[in-house]
Structure formats: C-alpha cells, structure tokens
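Coordinates in review
Here is what each chain is made of, one letter per residue.
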Amino acid sequence: MNAGRWRTVAVAAIGAMLLVLTGVALWRQHLYDTDGFTILALVQGALYLAAVGLTWRGGLSRRALFAVLAVAALMRFAVLLAPPYLSNDINRYVWDARVEAAGINPYRYVPADPQLAALRDQTIFPNINRSDYAPTIYPPVAQYVFFLATRVRESLTAVKATLLVFELLGVLLLLRLLRESRLPPERVLIYAWHPLPLWEFAGSGHVDAAVVTFVVLALWARSRKSPWLTGSALAAAALVKFFPAVLFPALYRRWDWKMPLAAAATVVVAYLPFIGAGSAVLGYLPGYLQEEGLKSGAGFFLWSLLANVASLERVGPAPYLALSAAALLALAVQSLYTAEEHYLASAMTLAVAATVLLSPHYPWYFAWIVPLICFTPRPSVLYLTVACPLLYFVPGGGELEAARQPFEWAIYGPFAALLAVELWRRRAARTSIGWIKGAG
C-alpha cells in the first residue's frame, strides 16, 4: 500500500471513530453526564489532531475530500437534532427575535419586564438565563441573524439549522480561499472535523457560527483586494460578537480609506434601527464584564496568577489591561508593516493574542480562531482550541477562578510551551538563513 493510499485509509478510519464518538457523546448528554461528555470531546480532539497531521500537506483524492465533508455533515446532522445541552443561550436568541418581531427594541427591556408579558410562553421564556435583570447583550447583526432564523418557526432547532447554513457558507468560502492561496483544500478538515464548532454550533447553536462566516468572508475579500467588502464583512463579524474587531490591523492596507469607511458605514447602518435605546444599545455588556470578573481582574487567568503570587489583589486589573493593550497595539503596528502576503498569519496572531489575554471562561469563545488555523501551521493554537473544553469541568463566572485555575493551567501551560518552541524554531530558521546569505 503506497503512502497516499495508507493516508486515505487512516483518515477514513479516524472519521468513522469521530462519528461513533459523536453518538456516544450525545448519549452522555442524554444522561446529563457533563464530565463524561467532556472526556469524550477531548478524545475526539486527540483523534482530530491525528487527522490534521495526516492531511496538513494534502495528498487526498477529490473523492476523499468529499468524504471528509460528508463526515462533517453527518456529525452535525446528528447533533443538530439533539436538544441544546452545554448552554441555554439559544433561548435568548429566540426571545430577542420574538421581541423584534413585535416591533419592540430588545435593548430596552429585560425579558421579565411586565411590558413583555404578552410574549411569554412555556417553552422559551422559562429557559432564558438572567431573564429578570439582564437586557440582551448581543450586538445588532446578531439580532438580525436571530430574526432571520426564526421567521419560519420560533424554535431552537430552526435557529441551530440557520446557523449551520452560515457555517456551510463559511466552509465553502474556506475552500475557495485555500485554493486561491494555493494551499491543499484538504486543510478544510481542520475546521470541518474540529470538535469545538461541532458541539458549540450544531449542538448549542451559538451565534459565533455567524462570526466564523463573516470573518472568513473578510479574509477572502482581503485576498481579492476588495476593501469595501473587507470592511463591511469585518464590521458585521464584530457586530455579532465584538472581538473580531482586533483583526482590523491585519486586514487593513496602509493608506486605504475605503476599508475603514465601509466598516464605519456598516456599524452606523446596523445600529440605526436600535438607536432609540440610546446608550442602552450596549445591552448587558457592562454587567457581563462585572459578572465574569473582568472588572475586578479575577476573571483574567494571567492577572489572577500574578495577583496571587505578588499579592496584588487590591491593585485592580488596570496594570494588566494597560500591558495587554500595549501588547495588542505592538502586534497591530507590526501587522501594518508586515509583508502584504502575510495578512493571514497576522490575523491569526492578533486573534490568538486577544483571546489568550482575555482568557474566556467558555469554550465557544475560542471557536472563531479555528478557521484561521487552516492557513497557518501552529501546533500551539491547535492545542489551545482542542483543550479548551476542559472549561466545562467548571461553570463560568469570575467568582470560580480558584476552581477553574487547574484546568486553565492545563490549557494555557502546554500552549505556552508549544508557542515557545515555535518561536525558538522560527528564530533559529531566520538565523540559519542569515548565516547562509552571509556566507554566500
């Protein structure tokens, strides 16, 4: 058996095992066994890493590529039909859409407000988290996605199905961008078989699936040198969840005024229908930052470690926030002066840096990084996204940092070690090239 044939058989075997594990994990969800599910998701991650290693340099036939996509579709279809288990955020999506459909600004009222009593039901309303004190936190483009997803039927499955359509569009764009970048199309497996999008999008129905689609659209538009579409797509991604805004320096071309103008216009147009809420259009964001321990600093993994070691609890997070902002600013400036063809690597660097500095308490906040891995070979980032389901062992919230820290160590410790090795190898390679040129 030649190497290509052996690789295809091995990838097919891994795909079959991932399908089986998906079924077993759904069974553990049915039994409300979160720990058992999390272990199975981590096992899926290990098998997934083996498949990535086999396909990184390509070598699969067109038929095998279709099989990869078929396995991804089958896993998602099975999970789509199951009720959401890991998060109940999707109930808020349906509620926000219902409020919008009634002609009411969703930023103005909490779900339990008497003004919205006529919209309550026995299926969605009782399952909305923070219903008695938190208005919606989701930006306007997310609100449009919710509204679109519920026009046929106001159900959780309808929302999940709509977000999987977004994800499908993202995968098609990924394939196109891979081909235009002259990279093996098999690398789409890096996204399609990753357990994180599977469970967070098909399973929990998180709106981050739309973030992935808009981010990939912005990357593709950047590759086509289309500043208007780049700016609009990136702004749309940031108006689903705010964090993709950090990619702006990587996608911006110096002295170009069209991209920032397109982004600004998209923001203005998106917010216009909700402007009647005034400053309340930020929704529950300030309260969420407080709830997750980000205002006190306890929710930042790196700052929490430093504060415990140096007894800096009373100082507050200001120094950490200042240093984080400085680090991101330095990376942003570097992105502006990086070679034109390296914008994908710059986007990866900014996305990972921002996410690690934030140290989210929920795995789905890492999912938007996954499509970027398709273009840049970084084992550290692969590990980061595969290990983040460890966070399911501890509920979210800034007040649980002590219980969460061992799992965060298991996520960020190996990530840091792998990153250090990558940086050392990169420096060694540059030194070697410089020595060769000098000798020549």
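First, a word on scope: everything that follows refers to the structure included in this document. (Residues numbered from 1 in each chain as written. Predicted model: local features only at pLDDT ≥ 70, side-chain atom pairs only at ≥ 80, totals over all residues. Heavy atoms only, no water.)

Turning next to the overall build of the protein. For the protein, the count of helices and strands is 19 helices and 0 strands. Considering the protein as a whole, with its 440 residues, one finds that 53% of them fall into the buried category. Accessible area for the protein stands at about 19900 Å²; split by element, carbon and sulfur atoms hold 66% of it. Averaging the positions of the 35 positive and the 24 negative side-chain charges in the protein gives two centres separated by 13 Å. (Helix = DSSP H or I, 4+ residues; strand = E, 2+ residues; numbered from the N terminus. Buried < 20%, exposed > 50% of the residue type's maximum accessible area, 1.4 Å probe, protein only. Areas by Shrake-Rupley, 256 points an atom, 1.4 Å probe, with all protein chains shown as cover. Lys, Arg positive; Asp, Glu negative; His and termini not counted. Charge placed at Lys NZ, Arg CZ, Asp CG, Glu CD.)

Where a protein is soluble and globular, its nonpolar side chains tend to be buried together. Counting 132 residues, the largest nonpolar core has Trp193, Val207 and Leu219 as the members making the most contacts within it. In terms of nonpolar packing, the next biggest core, distinct from the first, is built from 6 residues, Leu294, Phe300, Trp303 and Ala307 among them. (Core = buried A, V, L, I, M, F, W, Y, C linked by side-chain atoms within 4.5 Å.)

We now examine empty space enclosed by the protein. Taken as a whole and judged by the stated rule, the model has 4 cavities of 30 Å³ or more. For the lining of the largest cavity, the elements supplying multiple residues, two or more each, are α9 (208-223) and α10 (227-238). Of the residues in the lining of the largest cavity, the class split is 4 nonpolar, 2 polar and 4 charged. Of the pockets and cavities examined, the second largest cavity occupies roughly 50 Å³. In terms of lining residues, the second largest cavity is bounded by Phe37, Ala41, Pro195, Leu196, Trp199, Glu200, Pro389 and Tyr392. Secondary structure elements with two or more residues in the lining of the second largest cavity: α2 (34-55) and α8 (195-203). Here the lining of the second largest cavity gets 4 residues from one element, more than from any other, and that element is α8. Across the lining of the second largest cavity, the residue classes break down as 7 nonpolar, no polar and 1 charged. (1 Å grid on protein atoms, 1.4 Å probe; cavity = no way out; pocket = protein on both sides within 12 Å on 5 of 7 lines; lining within 4 Å. Points joined across faces, edges and corners; volume = space filled by probe spheres on them. Nonpolar A, V, L, I, M, F, W, Y, C, P; charged D, E, K, R; others polar.)

Another aspect to go through is unusual backbone geometry. We note that Tyr32 has phi near 55°; this positive angle belongs to a residue other than glycine. Non-glycine residue Arg182 carries a positive phi angle of around 60°. As for its position among the elements, Arg182 is in the loop between α6 (156-180) and α7 (189-192). Owing to a relative accessible area of 80%, Arg182 belongs among the exposed residues under this scheme.

Attention shifts here to the packing of aromatic side chains. Per the counting criterion, the structure on display carries 22 aromatic pairs. Ring geometry for Phe393 against Phe407: centres 5.2 Å apart, planes inclined by 25°, an arrangement best described as stacked. Of this pair, Phe393 sits in the loop between α18 (379-387) and α19 (401-439) while Phe407 sits in helix α19, and the two are 14 residues apart along the sequence. You can call Phe393 partly exposed: its relative accessible area is 25%. Residue classification places Phe407 among the partly exposed positions, given a relative accessible area of 25%. Each member of the aromatic cluster is reached from another via a ring pair, and the members are Phe243, Tyr362, Trp364, Tyr365 and Trp368. (Phe/Tyr/Trp six-rings, centres within 6.5 Å; stacked < 30°, edge-to-face > 60°.)

Structurally, the position occupied by Ser346 is in helix α16 (residues 343-358). Sequence-wise, Ser346 and Ala250 are 96 residues apart; in three dimensions their C-alpha atoms are separated by 5.4 Å. When residues no more than four places from it in sequence are discounted, the contact partners of Ser346 are Ala250, Ser335 and Thr338. (Contact = heavy atoms within 4.5 Å.)

Along the chain, the position of Leu358 falls in helix α16. Residues Leu358 and Phe301, spaced 57 residues apart in sequence, show a C-alpha to C-alpha distance of 7.9 Å. Apart from the residues within four sequence positions on either side, Leu358 is in contact with Leu294, Gly299 and Phe300.

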